[in-house]
Amino acid sequence: MSSSPTSDALLGPADVRELAGALGVRPTKQRGQNFVIDANTVRRIVRTAEVRPDDVVVEVGPGLGSLTLALLEAADRVTAVEIDDVLAGALPATITARMPDRADRFALVHSDAMHVTELPGPAPTALVANLPYNVAVPVLLHMLSTFPSIERSLVMVQAEVADRLAAAPGSKVYGVPSVKANWYADVKRAGSIGRNVFWPAPNVDSGLVSLVRRAEPIRTTASRGEVFAVVDAAFAQRRKTLRAALAGWAGSAAAAERALVAAGVSPQARGEALTVEEFARIAEAAETRTTAAPEGESE
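Residues numbered from 1 in each chain as written. Predicted model: local features only at pLDDT ≥ 70, side-chain atom pairs only at ≥ 80, totals over all residues. Heavy atoms only, no water.

### Describing the pattern of salt bridges
- Under the defined criterion, the tally for this structure stands at 13 salt bridges.
- For R105, the salt bridge identified is with D76, shortest N-O distance 2.7 Å. Note that R105 is positioned in the loop between α4 (85-98) and β4 (106-110) and D76 in the loop between α3 (66-74) and β3 (77-82), a separation of 29 residues in sequence.
- With relative accessibility at 22%, the residue R105 sits in the partly exposed group.
- A salt bridge links K180 to D232, with the shortest nitrogen-to-oxygen separation between them at 3.0 Å. Of this pair, K180 sits in helix α7 (residues 176-184) while D232 sits in helix α8 (residues 224-236), and the two are 52 residues apart along the sequence.
- Owing to a relative accessible area of 2%, K180 belongs among the buried residues under this scheme. (Salt bridge = Lys/Arg side-chain N within 4 Å of Asp/Glu carboxyl O. Helix = DSSP H or I, 4+ residues; strand = E, 2+ residues; numbered from the N terminus. Buried < 20%, exposed > 50% of the residue type's maximum accessible area, 1.4 Å probe, protein only.)

### Focus: the confidence of the model for the protein chain
- Here the protein chain averages 92 in pLDDT, and 91% of its residues register 70 or above.
- For the stretch residues 1-6, pLDDT sits under 50, and the model shows 14 contacts to residues farther than four places along the chain or on other chains. (pLDDT = per-residue confidence, 0-100. Contact = heavy atoms within 4.5 Å.)

### Some words on the sheet that holds strand β7 (residues 185-193)
- Spatial ordering of the open sheet is given by β4-β3-β2-β5-β6-β9-β7, a layout of seven strands whose pairing is mixed. Looking at the sheet topology across the chains shown, the edges are occupied by β4 and β7. Neighbouring strand axes in the sheet, compared pairwise and without regard to direction, differ in orientation by 20 degrees on average.
- The sheet contact formed by strand β6 (residues 152-158) and strand β9 (residues 206-213) spans seven bridges and is antiparallel. From the neighbouring strand, L154 faces β9, where its bridge partner is S210. (Pairing = 2+ DSSP bridges. Axes fitted to C-alpha atoms, helices over the stretch in contact; angles between N-to-C directions.)

### Let's talk about helix α11 (residues 253-262)
- Within the span of α11, buried status applies to A255, A256, A259 and L260. Seen end-on, α11 carries its buried residues on one side only, within an arc spanning 135 degrees. Among the exposed residues of α11, those oriented more than 90 degrees off its buried face are V261 and A262.
- Each element contacted by the buried residues of α11 is listed here: α9 (242-245), α10 (247-250) and α12 (276-285).
- Just downstream of α11, G264 is the residue with a positive phi angle, here 75 degrees. (Arc of directions from axis to C-beta.)

### Quick word on the packing of aromatic side chains
- Counted by the stated rule, this structure contains five aromatic pairs.
- Between Y174 and F235, the aromatic rings sit 6.2 Å apart at their centres with planes inclined by 70 degrees, giving edge-to-face as the arrangement. Residue Y174 is located in the loop between α6 (159-166) and α7, and its partner F235 is located in helix α8; the two are separated by 61 residues in the primary sequence. Both residues of the pair, Y174 and F235, belong to the buried class.
- Between the aromatic rings of Y184 and F228, the centroid separation amounts to 6.4 Å while the plane-to-plane angle is 80 degrees, which identifies the pairing as edge-to-face. Here F228 lies in helix α8 and Y184 lies in helix α7, a separation of 44 residues in the sequence.
- Note on F228: relative accessible area 4%, which makes it buried.
- Here a set of aromatic residues connected by ring pairs shows up, and it is made of Y174, F235 and F279. (Phe/Tyr/Trp six-rings, centres within 6.5 Å; stacked < 30°, edge-to-face > 60°.)

### Observations regarding unusual backbone geometry
- Look at the link from W199 to P200: it is a cis peptide, with omega at -5 degrees.
- Of note in this structure, E50 is not a glycine but carries a positive phi near 55 degrees.
- For E50, the position within the fold is in the loop between α2 (39-48) and β2 (56-60).
- By relative accessible area, E50 is classed as exposed at 54%.

What follows is the structure, given as structure tokens:
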């Protein structure tokens, strides 16, 4: 591995605006684009992600390359997935110009992350990304499902989404994202990010979420789809008791009650009180197993 590049390889506010101007790029709300313009912030993200010299990192939504360059300083390889035509076209040249000794360690996949099923080079060991706010949860779940080699993830998302992902059972914001993320990993909040490190500055705060993949998958005879079907049903009517909320999923309220009792869960409980393991037990106890919608569609 070559020596670390100098800090002036990273993009500052003037660099980001100059690069965007040269490309004719204006960040769009449609794609939730807010470019990070602060080098200290991207270095902090890489540090918090505990990126190691042997890591193969996948980044979703690299934009102009602020975080990408910081990742290349620390990791063995970086693969960036970018949907935007102009940004995808420009990023390799930015990497070559600012970090020429690491350019051969960088790969670009020009695609919608939700459609990516394989990546070039070695299997990724880490996911580090500033995820567009409008698709953060589906993209995160898709990547965790598709690439089991990802051991550690650190994502920057809207603060409200960060709270939901990291919420524990019993919390008011505990819901579908919390349970589904916990199926794959141990999840926790890993910090907050201010608005002034972005261009344009968003009208919401951002948060970092750390996900460390479970050493052992949850033990259950039910499939992930079957478990997620229970989760979706429980939170579709989260104010109702599970006996009522799961009636459609189970075929009737009585069938739902039988599955709940068999799983050791009170029929009067609500979805927000249950762990992912309890949802798995309910799925196992179902008289007729039902599979969920495709990964990430329901939040």
